[in-house]
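Observations on the three-dimensional arrangement
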Amino acid sequence: MAARILHCFLAHCLILPSFLKPSLQRKRLKEAFAVFFSKEKETFAVGRFCGVGRVVSGYSTSAGIENPINPSIKVHCTQLLINGNFVDSASGKTFPIYDPRTGDVIAHVAEGDAEDIDRAVCAARKAFDEGPWPKMTAYERSKVLFRFADLLDKHIEELATLETWDNGKSYEQSAKIELPMISRIIRYYSGWADKIHGLTIPADGPHLVQTIHEPIGVAGQIIPWNFPLLMFAWKVGPALACGCTIVLKSAEQTPLSALYAAKLLHEAGLPPGVLNVVSGFGPTAGATLASHMDVDKLAFTGSSETGKIVLELASKSNLKPVTLELGGKSPFIVCKDADVDKAVELAHFALFFNQGQCCSAGSRTYVHEDVHDEFIEKAKARALKRSVGDPFKAGVEQVPQIGSEQFEKILRYIRSGIESGAILITGGDRLGSKGFYIQPTVFANVKEDMLIAQDEIFGPVQSILKFRDMDEVIRRANSTRYGLAAGVFTNDLDTANTLSGALKVGTVWINCYDVFDAAIPFGGYKMSGQGREKGVNCLSNYLQVKAIVAPLKNPAWI
């Protein structure tokens, strides 16, 4: 048995003979024997079969994978929110919400479909045409949003627990990172509510010309499951600041936190019908919302494939304007002057943050040939150190994927990478026997024509590609249908300027990654979407510009 384990361990450690320098090969062999015979290392965790052999797993795992921590709250908001009231779906149907840690049912939530979307749109239309919200002063609207932000801060524990339980992300990420960002977004747009104004324009003749900005009307909003509350804030904040009313469809995997947040918004003084939340599925509730003739504007965040369907449905109905924040396959470029230790850590964060379930994930790691071998070694070591466990346990870095469908999809991509000739450095399989945990996975020798370099995997799979010079990496980084974001790691200002200008993406992070300030616009080029979320740019999504022209008689001046 010991010989078999040693064989597996050495096979894993020596998996890169085709491109490692001989000195590094010898170093790894020496380290392998040292670890094996060390008295401190009594056991080896052998990974499950992943298509090419068994791989040793050195991941720091938590016992919580098999024995999950019980959340301290109860789920109360499980109905649809229509016209200010929580109500059952018209059909009376519900659907289960699953705990990603175990696959067990958390709660049953009302399943909205076409009839429920109609009810919600009717309520939103009446609230816009007849209700107080668009007729309130902008200052009054801002006060409601400020009170909502205060309530978000007051209920961090409940909201973060729901987000973690429902989505699987770590409680520390929910409570310490995302909830403060969410209340900050709401306060940002609260401040904008009374600062939206038009212009007075000089005309060629005796006319007074002015523009005013009016709310666009009823906004349909469809949010994804990877950042449920954050996407709720990105969508709801600017729409309400502009005076619109809303019908929001939450992701079927993660409806709980949006329903609770909407309850708090009404506690803050939001009038009935202004925000309606329908939980349901894309082909029924989502499709009805996208094609509804009484919805004036649509905002969607999700995959590029679904974005195409949403855009088609909108165009075939009433030509409602659509903003799309879609998928990505973002390059993270490590230049030859990089501090390798810092570059490895940032590249690791860029990919593995939120279990890789992030549209802007730096999922193509381009490394200059001068530092490539060293980077490979250290990227593997960093992945092996990554702690995986129960999201309610302090200090855990990686938690389960959202559900079985995404879990199986990621494993299929990993098998595809192996079969297409990429070299599996570490990972490649599930962790534990419960839930949807996947080993942090790193591939080397990745080529652009491989699926793992072209498709959005949306999981903890890092693909490392070697490059030689600037022109080459620009061409290769741009050779994808996506254009959401990019990362550049360099100490050279000219290199940073050249790459940030040449990369066809909506955001370039230089020596940082995933900086999502409320004021920074976010969106993509190409098939990563159209329009922008966040910042002042987002307000235009929910406004109509009206020009008003009146003649001037005997003007003192023109």
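Worth saying up front: this structure is predicted, and the values here are computed from it rather than measured.

A word on the pairing of strand 9 (residues 207-215)
Alignment of strand 8 (residues 200-201) against strand 9, held across two bridges, turns out to be antiparallel. Looking across to strand 9, one finds that I201 is bridged to V209. Between strand 8 and strand 9, which pair antiparallel in sequence order, lie five residues; one of them, G205, sits at a positive phi of approximately 145 degrees. With nine bridges connecting them, strand 9 and strand 26 (residues 543-551) associate as antiparallel partners. Among the inter-strand pairings, T211 is bridged to a residue of strand 26, identified as A547.

A look at the pattern of salt bridges
For the structure on display, the rule yields 26 salt bridges. A salt bridge links K546 to E214; the shortest N-O distance between them is 3.0 Å. Of this pair, K546 sits in strand 26 while E214 sits in strand 9, and the two are 332 residues apart along the sequence. K546 gets classed as partly exposed once you look at its relative accessible area, which sits at 38%.

Side note on the UniProt feature "active site" (unreviewed entry) in the chain
Here, UniProt's "active site" (unreviewed entry) annotation points to E325. With respect to the element layout, E325 can be found in strand 14 (residues 322-325).

Examining empty space enclosed by the protein
Evaluation of the coordinates by the stated rule reveals three cavities of 30 Å³ or more. Space inside the largest cavity adds up to approximately 80 Å³. Around the largest cavity, the lining comprises 13 residues; the ones closest to its centre are A361, S363, E456, I457 and F458. Residue composition of the lining of the largest cavity, by class: seven nonpolar, four polar and two charged.

A closer look at the side chain of T301
Mapped onto the elements of the fold, T301 is located in strand 13 (residues 297-301). On the basis of relative accessibility, which here comes to 6%, the residue T301 falls in the buried class. Within the structure, the side chain of T301 is placed 2.5 Å from the side chain of K235, a separation counted as a polar contact. T301 has contacts with I222, I223, P224, M231, K235, E325 and E533, leaving out every residue within four places of it along the chain.

Side note on the environment of H292
Relative to the helices and strands, H292 is located in the loop between helix 9 (282-291) and strand 13. On the basis of relative accessible area, H292 is assigned to the buried category, the value being 14%. Measuring from C-alpha to C-alpha, the distance between H292 and V121 comes to 8.4 Å, with 171 residues separating the pair along the chain. Those residues within four positions of H292 in sequence are excluded, and the remaining contacts are I117, D118, V121, S317, N318 and K320.

Description of the side chain of S360
On the secondary structure map, S360 appears in the loop between helix 11 (340-352) and strand 16 (364-368). Owing to a relative accessible area of 0%, S360 belongs among the buried residues under this scheme. Only 3.0 Å separates the side chain of S360 from the side chain of D514, close enough to count as a polar contact. Residues within four places of S360 in sequence aside, it is in contact with S330, L484, A485, W509, Y513, D514, F516 and F522.

What to know about the sheet that holds strand 20 (residues 461-467)
Ordered by their spatial adjacency, seven strands build an open sheet running 18-19-20-16-15-22-23, and the pairing between neighbours is mixed. The sheet is open, and its two borders are formed by strand 18 (423-426) and strand 23 (507-510), each paired with just one other strand. Neighbour-to-neighbour, the strand axes of this sheet turn through a mean angle of 25 degrees, independent of strand direction. In the sheet, strand 22 (residues 485-489) pairs with strand 23 via four bridges, with the strands oriented parallel. Note that in strand 23 the partner of A485 across the bridge is T507.

Quick look at the sheet that holds strand 9
Here three strands make up an open sheet; going across it, the order is 8-9-26 and the pairing antiparallel. Of all strands in the sheet, those bounded by a partner on one side alone are strand 8 and strand 26.

Describing helix 15 (residues 470-477)
Of all the positions in helix 15, only E472, V473, I474, R476 and A477 are classed as buried. For helix 15, the secondary structure elements touched by its buried residues are strand 15 (331-334), strand 16, strand 20 and helix 16 (493-502). The N-cap of helix 15, judged by a side-chain oxygen 3.4 Å from the amide nitrogen of D471 a few residues on, is D469.

Thresholds, definitions, all that
- Residues numbered from 1 in each chain as written.
- Predicted model: local features only at pLDDT ≥ 70, side-chain atom pairs only at ≥ 80, totals over all residues.
- Heavy atoms only, no water.
- Pairing = 2+ DSSP bridges.
- Helix = DSSP H or I, 4+ residues; strand = E, 2+ residues; numbered from the N terminus.
- Salt bridge = Lys/Arg side-chain N within 4 Å of Asp/Glu carboxyl O.
- Buried < 20%, exposed > 50% of the residue type's maximum accessible area, 1.4 Å probe, protein only.
- UniProt positions renumbered as here; feature names shortened; annotations may be inferred.
- 1 Å grid on protein atoms, 1.4 Å probe; cavity = no way out; pocket = protein on both sides within 12 Å on 5 of 7 lines; lining within 4 Å.
- Points joined across faces, edges and corners; volume = space filled by probe spheres on them.
- Nonpolar A, V, L, I, M, F, W, Y, C, P; charged D, E, K, R; others polar.
- Polar contact = N/O pair within 3.5 Å; in protein donor to acceptor, adjacent residues only side chain to side chain.
- Contact = heavy atoms within 4.5 Å.
- Axes fitted to C-alpha atoms, helices over the stretch in contact; angles between N-to-C directions.

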